[in-house]
Amino acid sequence: MKRTETRILHVGNLQLGGQNKCLLQSMTNTKTKDVESTVKQIQELQDNGCEIVRMAILDEEDAYAIGDIKKQTNVPLVADIHFNYAFALIAIEQGIDKIRINPGNIGSKENVKKVVEKCKERNVPIRIGINSGSLEKEVLEKYGKPCPEAMIESAKKHVDILEELDFYDICLSFKSSNVGLTIDTYRLAAKTFPYPLHLGVTEAGSFKISSIKSSAALGALLHEGIGDTIRISVSSDPVQELFIGKQLLRAFDLMDSVPNLISCPTCGRIQYDMIPIVEEVELFLQSVHSNIEVAIMGCPVNGPQEASRADIGIAGGKNGALLFKKGQILKTVPQEDLLETLKEEILKMVNEEQ
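Our next topic: the layout of surface pockets. What the largest pocket holds in volume is close to 660 Å³. Taken together, 35 residues line the largest pocket, and the ones lying closest to its centre are Arg54, His82, Arg100, Asn131 and Thr202. At the level of secondary structure, the elements contributing two or more residues to the lining of the largest pocket comprise β7 (126–131), α6 (148–164) and β8 (170–175). Per-element accounting of the lining of the largest pocket gives the leading share, 4 residues, to β7. In the lining of the largest pocket, the residues fall into 10 nonpolar, 16 polar and 9 charged.

What follows is the structure, encoded as structure tokens:
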């Protein structure tokens, strides 16, 4: 599906906007000044498919740590800054690839101008982040509550400041914990602004709850061609965000090298112990970088066709299953050998494709 046309930005070596692609982001939860822990987590995020990593910059020490972190990583990095323009200047000097800062919240226009000039000099884009939980008092008084129009008006105030300074390398986000408000606001934003949109449902909750809220809101938007980068919000290890994000983007053909696992919900016809195999293979596939499609089916009714249409799959029988590869039956595998045989065949197929 074609994405909404937007201005093209560059974040490090990546293009953001102006293409039929949506970049996957996450955010570290380490103290940025703890360079060793931050670098370790950035690497873990990158290994699990993260394309852009954001870090919180709370003080000067965090900002100055960016230089050391950049030397030890190769993924584009974003500095998340609130209120203090000086941290933005340090972050840019230290080589940050993008900053997240709201120009209306960092003091005088002269402060904003200093940040903008430094961003122009280093080709660093700015993300303006609007959150339904932190709208300006006057905007809330005007509209009575958070709504799409209120969030768009808030964004315009910040955007106008940058545009008046002849700065247009802007990305926008409109975060809310409410699914309906998220969808409606991003739809209105896509009609209002020419800039790339960073999608997300904020404060989305635990892994299970976030997977539902995020898929409901962001899936609707991605299907409409809205969104150029996403971050899934999960109250857990940030790697968990990437599992949801990768599967969501893969569902809309917006991310390559992500396996697809097909498995039946089981019923009384099942004749082998399938569920532990599904769980193990799901975990195994998280470290596989390929578009391979794997099917694990439970019985002879739908199983053989579904398994044979996948790149590789098994269709259950009594105490074991048929193993399919590219539509052809390879062999019958007993229950005790199923998991290891399937993993071996998956890796063999992935290696053949490389």
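Having seen the structure, we can now continue with the description.
Notably, Asp166 is not glycine yet its phi reads approximately 60°, a positive angle. Its place among the elements puts Asp166 in the loop between α6 and β8. Its identity is not glycine, yet Asp253 carries a phi of approximately 55°, on the positive side.

Among the residues making up helix α3 (residues 85–93), those that are buried are Phe87, Ala88, Leu89, Ile90, Ala91 and Ile92. Along its buried surface, α3 packs onto α2 (60–71), β5 (77–80), β6 (98–100) and α4 (109–122). The N-capping residue of α3, defined by a side-chain oxygen 2.9 Å from the backbone nitrogen of Ala86, is Asn84. Positive phi shows up at Gly95, right after α3, with a value of about 100°.

The next subject is the pattern of salt bridges. Following the criterion strictly, the structure yields 19 salt bridges and no others. Put simply, Arg7 and Asp169 hold a salt bridge, and the shortest N to O gap is 3.2 Å. Of this pair, Arg7 sits in the segment before β1 (9–11) while Asp169 sits in the loop between α6 and β8, and the two are 162 residues apart along the sequence. The class of Arg7 is partly exposed, set by a relative accessible area of 35%.

In this section: the sheet that holds strand β10 (residues 229–231). Taken in spatial order, the 8 strands of this closed barrel run β3-β4-β5-β6-β7-β8-β9-β10, and their pairing is parallel. When the angles between neighbouring strand axes are averaged without regard to direction, this sheet yields 25°. Relative to strand β9 (residues 197–199), β8 is paired through 2 bridges, and the arrangement is parallel. Among the inter-strand pairings, Ser173 is bridged to a residue of β9, identified as His198.

Moving on, we come to the nonpolar core. For soluble globular proteins, the rule of thumb is that nonpolar side chains tend to be buried together. In terms of nonpolar packing, the biggest core is built from 78 residues, with Ile96, Ile99 and Phe174 touching the most fellow members. Setting aside anything within four residues of it in sequence, one finds Ile99 in contact with Val78, Ala79, Ala88, Ile92, Val115, Cys119, Val124, Pro125, Ile126 and Arg127. If you look at the next biggest cluster of nonpolar residues, it comprises 29 residues, including Cys264, Tyr272, Ala321 and Met349.

Spatially, 5 strands are ordered β11-β12-β13-β14-β15 in an open sheet, and the strand pairing comes out mixed. Only two strands of the sheet have a single neighbouring strand rather than two, namely β11 (260–263) and β15 (328–334). This sheet shows a mean twist of 15° between the axes of neighbouring strands, independent of strand direction. For strand β14 (residues 320–325) and β15, the ladder comprises 6 bridges, and the chain directions are antiparallel. Directly across from Leu322, in β15, lies its bridge partner Thr332.

Reading the values: the criteria
Residues numbered from 1 in each chain as written. Predicted model: local features only at pLDDT ≥ 70, side-chain atom pairs only at ≥ 80, totals over all residues. Heavy atoms only, no water. 1 Å grid on protein atoms, 1.4 Å probe; cavity = no way out; pocket = protein on both sides within 12 Å on 5 of 7 lines; lining within 4 Å. Points joined across faces, edges and corners; volume = space filled by probe spheres on them. Helix = DSSP H or I, 4+ residues; strand = E, 2+ residues; numbered from the N terminus. Nonpolar A, V, L, I, M, F, W, Y, C, P; charged D, E, K, R; others polar. Buried < 20%, exposed > 50% of the residue type's maximum accessible area, 1.4 Å probe, protein only. Contact = heavy atoms within 4.5 Å. Polar contact = N/O pair within 3.5 Å; in protein donor to acceptor, adjacent residues only side chain to side chain. Salt bridge = Lys/Arg side-chain N within 4 Å of Asp/Glu carboxyl O. Pairing = 2+ DSSP bridges. Axes fitted to C-alpha atoms, helices over the stretch in contact; angles between N-to-C directions. Core = buried A, V, L, I, M, F, W, Y, C linked by side-chain atoms within 4.5 Å.

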